[in-house]
Amino acid sequence: MKKIYFSFLLMAISTLSQAASGATQLEGSFKVGPAIILISILVLFVLVGIVFRAKDTTDFYAAGRGISKVGSGMAIASNWMSAASFLGMAALMYGSGYHGLAYVVGWTGGYVLLLILMAGQIRKYGKYTAADFIGDRYYSQTLRAVGAIIAILISISYCVGQFGGIGLMFKWVMGIDYNWAVIIGGSVVLAYTLISGMLGVTKNMQIQYVIIIVSFLIPLFILTFKFDYFWLLPQIGYGSVVSDIVSGIPLSESNQLLNSLGHDFAIVPAPEFAMPWDPATGKTFFQWMAIAFSLMIGTAGLPHVIQRFYVVPKARDARWSVVWGLFFICILYWSAPAYAAFGKILSANPEVGQLAKDAIVVYTAQLGDVHPLIVGLLAAGGVSAAFSTVSGLLVAGASAFSHDLYVKVINPDASPKRQLLFARLGTVLMAMIVTVIALFKLALIGQLVAVAFSLAGCTIFPLFLLGIWWSESNKQGAIAGLIAGGAVSLISLTYFIAGKMGASWPLHEFVDYWLGAWYFAWLGAPLAIFTNIIVSKFTKETPIEIRKFLIEKVHS
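All residue numbers refer to position in the chain's written sequence, counted from 1. In keeping with the model being predicted, local features are shown solely for residues with a pLDDT of at least 70 and side-chain atom pairs are shown and tallied solely at 80 or more, while totals for entire chains, interfaces and linings include all residues. With hydrogens and water stripped out, all remaining heavy atoms of the structure feed into the side-chain values.

Considering the overall build of the chain
Then, in step 1: In terms of regular secondary structure, the chain is built from 23 helices and 0 strands.
Then, in step 2: In the chain, buried positions account for 58% of the 556 residues.
Then, in step 3: Working rule for contacts: check all heavy atoms of both residues, and any pair within 4.5 Å makes them a contact. Taking the intrachain contacts of the chain between residues at least 6 apart in sequence as the baseline, contacts between residues at least 24 apart amount to 83%.
Then, in step 4: Accessible areas in this description were obtained via Shrake-Rupley with a 1.4 Å probe; residue shielding takes into account the shown protein chains only. In the form shown here, the chain has an accessible surface area of approximately 21600 Å², with 69% of it arising from carbon and sulfur atoms. Here a strand is any run of E in DSSP of at least two residues, a helix any run of H or I of at least four, and the numbering for each starts at the N terminus. Note on classification: 1.4 Å probe, protein chains only; a residue is buried when its accessible area is under 20% of the maximum for its type, exposed when over 50%, partly exposed between these limits.

Things to note about the side chain of Q366
Then, in step 1: Mapping Q366 onto the fold places it in helix α16 (residues 360-367).
Then, in step 2: Among the polar contacts made by the side chain of Q366, one reaches the side chain of W172 at a distance of 2.9 Å. For this analysis, a polar contact is any N or O atom pair within 3.5 Å, provided that within protein one partner can donate a hydrogen and the other can accept it, and provided that sequence-adjacent residues contribute only side-chain to side-chain pairs.

Some details on the packing of helix α9 (residues 141-174) against helix α19 (residues 445-469)
Then, in step 1: Throughout, an axis means a line fitted to C-alpha atoms (over the contacting stretch in the case of helices), and angles, computed between N-to-C directions, take values from 0 to 180 degrees. Viewed as axis vectors pointing N to C, α9 and α19 meet at an angle of 170 degrees, and their least axial separation amounts to 8 Å. By the angle between their directions, the pair α9 and α19 is classed as roughly antiparallel. Contact with α9, carried on its side by I150, L153, I154, S157, Y158, V160, G161, Q162, G164, G165 and L168, involves I445, L448, V449, V451, A452, F453, L455, A456, T459 and I460 of α19 and no other residues of that element.
Then, in step 2: Residues were grouped as follows: Ala, Val, Leu, Ile, Met, Phe, Trp, Tyr, Cys and Pro as nonpolar; Asp, Glu, Lys and Arg as charged; and all remaining residues, including Gly, as polar. Taken together, the residues that form the contact of α9 with α19 break down as 15 nonpolar, 6 polar and no charged. Roughly parallel means an angle under 35 degrees; roughly antiparallel means over 145; roughly perpendicular covers 65 to 115; every other angle is labelled oblique.

A look at the packing of aromatic side chains
Then, in step 1: Geometry of aromatic contacts follows a simple scheme: Phe, Tyr and Trp rings, the Trp one being its six-membered ring, pair when their centres are within 6.5 Å, and the pair is stacked under 30 degrees between planes, edge-to-face over 60, tilted otherwise. Under the definition given, this model contains 24 aromatic pairs.
Then, in step 2: Note on F227 and F342: the rings are 6.3 Å apart at their centroids and 40 degrees apart in plane angle, and the pair reads as tilted. With a gap of 115 residues between them, F227 in the loop between α10 (178-226) and α11 (234-247) and F342 in helix α15 (residues 336-346) connect regions that are remote in the sequence.
Then, in step 3: Under the relative-accessibility criterion, F227 is labelled buried at 4%.
Then, in step 4: Each residue in the set F286, Y513, W514, Y519 and W522 is aromatic and connected to the rest through ring pairs, giving one cluster.
Then, in step 5: Two conditions define a charge located above a ring, namely a distance within 6 Å from the ring centre to NZ of Lys or CZ of Arg, and an angle within 35 degrees of the ring normal. Cation over ring: K31 sits above W172, and NZ or CZ is 4.8 Å from the ring centre.
Then, in step 6: The ring of Y138 has R137 sitting right over it, with the charged end atom 4.9 Å from the ring centre.

As for the pattern of salt bridges
Then, in step 1: We define a salt bridge as a side-chain nitrogen of Lys or Arg found within 4 Å of a carboxyl oxygen belonging to Asp or Glu. Enumeration according to the criterion identifies 3 salt bridges in this entry.
Then, in step 2: Among the salt bridges present, the one from E472 reaches K537, with a minimum N-O distance of 3.5 Å. Placement of the pair is E472 in the loop between α19 and α20 (475-500) and K537 in helix α22 (residues 521-537), with a sequence separation of 65 residues.
Then, in step 3: For the salt bridge of E541 with R547, the shortest nitrogen-to-oxygen distance reads 3.3 Å.

Structural notes on the confidence of the model for the chain
Then, in step 1: Known as pLDDT, the predictor's confidence for each residue is given on a scale from 0 to 100. Confidence along the chain averages 82 in pLDDT terms, with 85% of residues attaining 70 or more.
Then, in step 2: Across the chain, the secondary-structure element scoring lowest on mean pLDDT is helix α1 (residues 2-20), at 42, and the one scoring highest is α22, at 97.
Then, in step 3: Counting interchain partners and residues more than four positions distant, the pLDDT-below-50 stretch residues 1-6 has 0 contacts.
Then, in step 4: Low pLDDT, under 50, characterises residues 59-66; the stretch is placed with 43 contacts to residues that sit more than four places away or in other chains.

Some points on the nonpolar core
Then, in step 1: In this text, buried Ala, Val, Leu, Ile, Met, Phe, Trp, Tyr and Cys residues form a nonpolar core when linked through side-chain atoms within 4.5 Å. By size, the foremost hydrophobic cluster in this structure holds 164 residues, and its most contacted members are W80, W107 and F464.
Then, in step 2: With 19 residues, the single largest contributor to this core is α9.
Then, in step 3: Setting aside residues no more than four positions away along its own chain, W107 makes contact with W80, A84, M89, L295, T299, Y333, G446, V449 and F453.

Here we look at α19
Then, in step 1: In this model α19 runs 34 Å from its N-terminal to its C-terminal C-alpha over 25 residues, within 8% of the 36 Å that 1.5 Å per residue would give.
Then, in step 2: Note on bend: the value at a residue is the angle between axes fitted to the seven residues ending there and to the seven starting there. Along α19, the helix axis deviates most sharply at G457, where the bend reaches about 45 degrees.
Then, in step 3: Counting buried positions along α19 gives 24 out of 25 residues, so the element sits mostly inside the fold. To estimate how far a helix should reach, multiply one less than its number of residues by 1.5 Å.

As for a nonpolar patch on the surface
Then, in step 1: Two joining distances apply to patches: 9 Å for like charges and 5 Å for nonpolar side chains (Val, Leu, Ile, Met, Phe, Trp, Tyr), and every residue must have over 30% relative accessible area and no salt bridge. There is a patch of nonpolar side chains on the surface, built from F221, F225, F230, W231, L232, L233 and I236 and spanning about 710 Å² of accessible area.
Then, in step 2: Considering the arrangement of structural elements, one finds F230 in the loop between α10 and α11.

Quick look at unusual backbone geometry
Then, in step 1: The backbone phi angle of Y139 is positive, close to 40 degrees, even though this residue is not glycine.
Then, in step 2: Its place among the elements puts Y139 in the loop between α8 (130-137) and α9.
Then, in step 3: Assessed through its relative accessible area of 28%, Y139 is described here as partly exposed.
Then, in step 4: Even without glycine at this site, D369 takes up a positive phi of about 60 degrees.
Then, in step 5: Tracing the backbone shows D369 in the loop between α16 and α17 (372-410).

A closer look at the environment of M89
Then, in step 1: Within the element layout of this structure, M89 appears in helix α5 (residues 83-96).
Then, in step 2: You can call M89 buried: its relative accessible area is 0%.
Then, in step 3: Counting along the chain gives 247 residues from M89 to A336, while the straight-line C-alpha distance between them is 6.6 Å.

So, helix α2 (residues 32-51)
Then, in step 1: The end-to-end C-alpha separation of α2 is 29 Å, in line with the 28 Å expected for 20 residues at 1.5 Å each.
Then, in step 2: Among the residues making up α2, those that are buried are G33, P34, A35, I37, L38, I41, L42, F45, V48 and G49.

Quick notes on the environment of K537
Then, in step 1: For the pair K537 and Q476, spaced 61 residues apart in the sequence, the C-alpha separation amounts to 9.8 Å.
Then, in step 2: Among all residues touching K537, those that are not within four sequence positions of it are W470 and E472.

The structure is reproduced here in structure tokens:
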């Protein structure tokens, strides 16, 4: 039997080695080795989902509240490190240099806000979903329903970018049309989310984190070693790469450094890559700050992120899970800029042609002549990143649809079995909507995801911030704040969609700049908070039992 296993292993290795040669093309070919890796990982996800499938509503919504703080931290990191982190951050920095770092600062800083302001308090409040908290804290079924609808809209907006990332990676691996790639990839992630619920999804996220971080770091070590940068810590070697981009590499110094297509490593000086104020970037300091601010507060208002604090046993575990999650996240966030810098140099030759920015991580590894199977693992990591986030978003959206809308508002007497049915119906409906929108390719992955953050920052974040820390915030204030934040969101997104459809409205340039779709929360969130405070001051006080609960239970 051992001989049979050994022979089978040798045959598999030989097959993979032969298949690897097909992965050298940048586009348009079916890559057998990477395809085998990708399919194996997807099968693993589905099997884990089956083993840890949700048996009741507590499993589906909150993973039975039995996940450890380290395990929850890994799940938070995996859930957080979406295609926008794995693929999108490098894409943004590849295209706009220093300006793209606003996304790194914003997304990382958001978790610091969560740790300080919300993690422990959210767990102490003890609800399943963001809308559950809003409805209970502001003693309003209407606000609960509105909160659920907002959570669903945010989840859909966030998912669109992830489905786009899945489509790009499936297209690269399978050599199929982008539209079919989105449909196939979306169907797989939908299948295992339906089977597993939050419990299986959380278990999967821990596995997905290992795949994400290993697949992301290995090619980076190889690239820094091969091109003679500080490879022991590629995040430090990145600084030398940026210096070379800014000052340029003369052709005379690049003869020994070639990409996989045989092009010299030469690059003309590009100072705007590291200088945010350079007019060549086409961006301003205001936009940098607005993006960073919007992403920070948006992070603290995302329903699927908030929901992760309900899966741990205690409030202390919720705080520590954020600490662990931030540590695991930073490993990748410190590394993503290096891919952008290497991609800038390796694709500098005009013969490389126009590459899709959102796939620059994979293209960089290919152009750096990293072994095709390792590049395949990197692509599989990108799919894992998208899958881990999509699954969490689908569960958060399904929870809002079933738990907050159907059970809490429409049919309070629904049986647990019927609740699960509606949760799964909500998941299917969301996946179908996201798939259709993703086919339009409206923007870069990171930008599409930023829309969800700004929407969350204008709506859910003010309700949680004031709901936890200011007992005088009442129902009337919450409604007024939602209207103010929602109005800013509606104006920005309406102009954005109109622009994509080719329409040009009055003040279009003004709105695009000051209320861009990626950062309109810089205005919407403060306006919503200020409006909430003013209206709360001049209307009926918050009920005494809610103020007492906040003091005794949430802030004890």
